[in-house]
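Residues per chain, in single letters:
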Amino acid sequence: GAVVSQHPSWVICKSGTSVKIECRSLDFQATTMFWYRQFPKQSLMLMATSNEGSKATYEQGVEKDKFLINHASLTLSTLTVTSAHPEDSSFYICSARSTSGRAREEQFFGPGTRLTVL
Amino acid sequence: SQQGEEDPQALSIQEGENATMNCSYKTSINNLQWYRQNSGRGLVHLILIRSNEREKHSGRLRVTLDTSKKSSSLLITASRAADTASYFCASPASNTGKLIFGQGTTLQVKP
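Thresholds, definitions, all that
- Residues numbered from 1 in each chain as written.
- Chains lettered and ligands numbered in written order.
- Predicted model: local features only at pLDDT ≥ 70, side-chain atom pairs only at ≥ 80, totals over all residues.
- Heavy atoms only, no water.
- Salt bridge = Lys/Arg side-chain N within 4 Å of Asp/Glu carboxyl O.
- Buried < 20%, exposed > 50% of the residue type's maximum accessible area, 1.4 Å probe, protein only.
- Helix = DSSP H or I, 4+ residues; strand = E, 2+ residues; numbered from the N terminus.
- Pairing = 2+ DSSP bridges.

Caption draft 1: A look at the pattern of salt bridges. Residues and elements named next belong to chain B. Inspection of the entire model under this criterion finds six salt bridges over all chains. With its nearest N and O atoms 4.0 Å apart, the salt bridge here joins Glu 53 to Lys 56. Of the residues examined, Glu 53 reaches a relative accessible area of 23% and is grouped as partly exposed. Classification of Lys 56 by relative accessible area gives partly exposed; the value is 25%. With its nearest N and O atoms 3.1 Å apart, the salt bridge here joins Arg 62 to Glu 55.

The following block contains the structure:
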């Protein structure tokens, strides 16, 4: 149980285009999902907290108009990188936290999406 | 901002040896978690230790927590080549649920 999927697993796009990444909790409901970015050989940096039915909370320095987050249901959050530039190339990872029980302490991570902007 | 610091940044050992990684954090925590990440992949949750626990075991993993020193260690015993990965400690920031990750330790286990 507690599986989180991401789609696509990798994407290459041209500079200036927008890319949407999906994060789904497959066998549990998640009121909260988190989006992280990871550059090569670095740790994960939290970008934003996605709450079902409300606006996302962005970390300091993360442009909310550039990284659009939509958490439309208890099992799906999407991250759209708008007007992507080469410096947005990174590994994007989502995680989901269960709605109930002690599992709320634990986050379940997706496999990540490798974005390359040409 | 990242509140966790880990050392060493990189560790290379022979198969069968033990590997110890350390993590320090700055603020009070309710729990501390360790994750593993294989190259280019997502994170796998390894173990969670609560602030009122001092030591926890899971298979070949042993985690300790010293809240007075704001530090934790992860010990992998009898390492295997398949343990080659990056290991991160993480702690929840307040009651928001968001995790703050350490810088990570890259472990290489040579066969």
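Caption draft 2: Structural view of the pairing of strand β11 (residues 113-117) of chain A. Residues and elements named next belong to chain A. Burial along β11 is one-sided: the face carrying Thr 113, Leu 115 and Val 117 is buried and the face carrying Arg 114 and Thr 116 is not. Two elements, strand β9 (residues 90-97) and β11, share three bridges in a ladder whose sense is antiparallel. Along β11, the bridge assignment pairs Tyr 92 with Thr 113.

Bear in mind that shape data such as this cannot, by itself, settle questions of function.
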